[in-house]
Amino acid sequence: MNCLFCEIIKGNIPSSKVYEDEYVYAFRDINPQAPVHILLVPKVHISSVDEINAENSVYVAKIFEKIPEIAKSENLGGGYRVITNCGADACQSVKHLHFHILGGTQLIEKMG
Ligand code: AMP
Ligand code: ZN
């Protein structure tokens, strides 16, 4: 399997790491769409939200436990947005589940 984010997790492709533990890898988006734009990915390959199930949902829970901590350390007290794109209609470009944290500015209201 040729997966960009699996290669980033393994360290075979460089990234700007923000946080890492047994379950979660977080790094800065290469093409930031806000002053703070961080991606959180599970350290196992899950293709998208469509593939979350009872066996792997602990990775999703661990990601969401980390989000408020990362938001705090990135000074996002004013608020932030958490987004995941799933499938073609949502323009998911990397087929490894990831959650975007966007913040550091007033975000536009429109989401779709
Ligand atoms: P999505 O469009 O939701 O699948 O998001 C994929 C995100 O991955 C985009 O925001 C890209 O800018 C980001 N991205 C692609 N390649 C890299 C990379 N090598 N390092 C960091 N972020 C990346
Ligand atoms: Zn992967």
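As shown above, the structure is provided for reference.
Computed from a predicted model, the values in this text were never measured in an experiment.

Calculation notes
Residues numbered from 1 in each chain as written. Chains lettered and ligands numbered in written order. Predicted model: local features only at pLDDT ≥ 70, side-chain atom pairs only at ≥ 80, totals over all residues. Heavy atoms only, no water. Near = heavy atom within 4 Å. Polar contact = N/O pair within 3.5 Å; in protein donor to acceptor, adjacent residues only side chain to side chain. Areas by Shrake-Rupley, 256 points an atom, 1.4 Å probe, with all protein chains shown as cover. 1 Å grid on protein atoms, 1.4 Å probe; cavity = no way out; pocket = protein on both sides within 12 Å on 5 of 7 lines; lining within 4 Å. Sits in = over half its atoms within 2 Å of the grid points. Helix = DSSP H or I, 4+ residues; strand = E, 2+ residues; numbered from the N terminus. Salt bridge = Lys/Arg side-chain N within 4 Å of Asp/Glu carboxyl O. Buried < 20%, exposed > 50% of the residue type's maximum accessible area, 1.4 Å probe, protein only. Pairing = 2+ DSSP bridges.

## Quick word on the site of ligand 1
Within the structure, ligand 1 sits among 16 residues, and D29, N85, S93, H98 and H100 are positioned closest to it. Interatomic distance of 3.1 Å between a backbone N/O atom of I30 and a nitrogen atom of ligand 1. A distance of 3.4 Å separates an oxygen atom of ligand 1 from a polar backbone atom of C91. Burial of ligand 1 by the protein chains amounts to 84% of its free accessible area of 500 Å². Its atoms largely coinciding with the cavity grid, ligand 1 occupies the largest pocket. Every element with two or more residues in the shell around ligand 1 is listed here: α1 (4-10) and β2 (24-28).

## Points about the pattern of salt bridges
Per the stated rule, a full pass over the model turns up five salt bridges. Where K10 meets E7, a salt bridge forms, and the shortest distance between an N and an O atom there is 3.1 Å. Note that K10 and E7 are positioned in helix α1 at a spacing of three residues, about one turn of the helix. By relative accessible area, which is 19% here, E7 ends up buried. Between K43 and E20 there is a salt bridge, with the nearest N and O atoms lying 2.7 Å from each other.

## Some points on the pairing of strand β1 (residues 17-20)
Regular strands have side chains that alternate between both faces of the sheet. Judged from the three bridges that link them, β1 and β2 form a sheet pairing that is antiparallel. Residue pairing for β2: K17 is matched across the bridge by F27. Connecting the antiparallel pair β1 and β2 is a turn made up of three residues.

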